[in-house]
Amino acid sequence: MPDRYAPVGPPGPGSREPVSWPVVLGLGALALLFPLAELSGVTGILGAAPTALLLVGLVAVVWIGGIGLGRVPRPVLTATLAGVVFGVVLVALSRALGTGPDVDGASAVGVAAFEIGRSAALGALAGLLAAAVQRNRGPRR
């Protein structure tokens, strides 16, 4: 008896595979590297700016490589949503740990919106690069 939920063939141009929410949440959770670097003393050793650049580079490599080489469906949307989760986690952690800018009210909302928007934009860029990796690898087997 055939499984009525199993795909019959490759998805057509009008079909959309669902977003992989575990991938989105997992990639977004990489924001936890920032407080981990602070708590482990890496930031004190390397300095704030070099640590941030190192972590952003590491996150970008993981996002592009994981989505691109893992052939995750809908790479741009997946990475953009991961960027939103990443930004929300960063904002929540900075508020909870008191490491963010000392602002309240409308200024805090503006800073949070900027961080989430920036993270989403960087996620979209990573998704475009991951999609290019997928295209260059050829069709799925």
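The coordinates are above.
Residues numbered from 1 in each chain as written. Predicted model: local features only at pLDDT ≥ 70, side-chain atom pairs only at ≥ 80, totals over all residues. Heavy atoms only, no water.

Q: When you look at the packing of aromatic side chains in this model, what are you seeing that I'm missing?
A: Between two aromatic rings, the relevant description is the distance of the centres plus the angle of the planes. All told, the structure shown has two aromatic pairs when counted by the stated rule. Seen in terms of ring centroids, F34 and F86 are 6.0 Å apart; in terms of plane orientation they differ by 80°. Their pairing is edge-to-face. With a gap of 52 residues between them, F34 in helix α2 (residues 33-40) and F86 in helix α5 (residues 75-97) connect regions that are remote in the sequence. Under the relative-accessibility criterion, F34 is labelled partly exposed at 23%. Given a relative accessible area of 9%, F86 falls into the buried group. Seen in terms of ring centroids, W63 and F86 are 5.6 Å apart; in terms of plane orientation they differ by 85°. Their pairing is edge-to-face. Separated by 23 residues along the polypeptide, W63 in helix α4 (residues 48-69) and F86 in helix α5 bring together distant segments of the chain. Each of the two residues, W63 as well as F86, counts as buried. The structure contains a cluster of three or more aromatic residues connected by ring pairs, namely F34, W63 and F86. (Phe/Tyr/Trp six-rings, centres within 6.5 Å; stacked < 30°, edge-to-face > 60°. Helix = DSSP H or I, 4+ residues; strand = E, 2+ residues; numbered from the N terminus. Buried < 20%, exposed > 50% of the residue type's maximum accessible area, 1.4 Å probe, protein only.)

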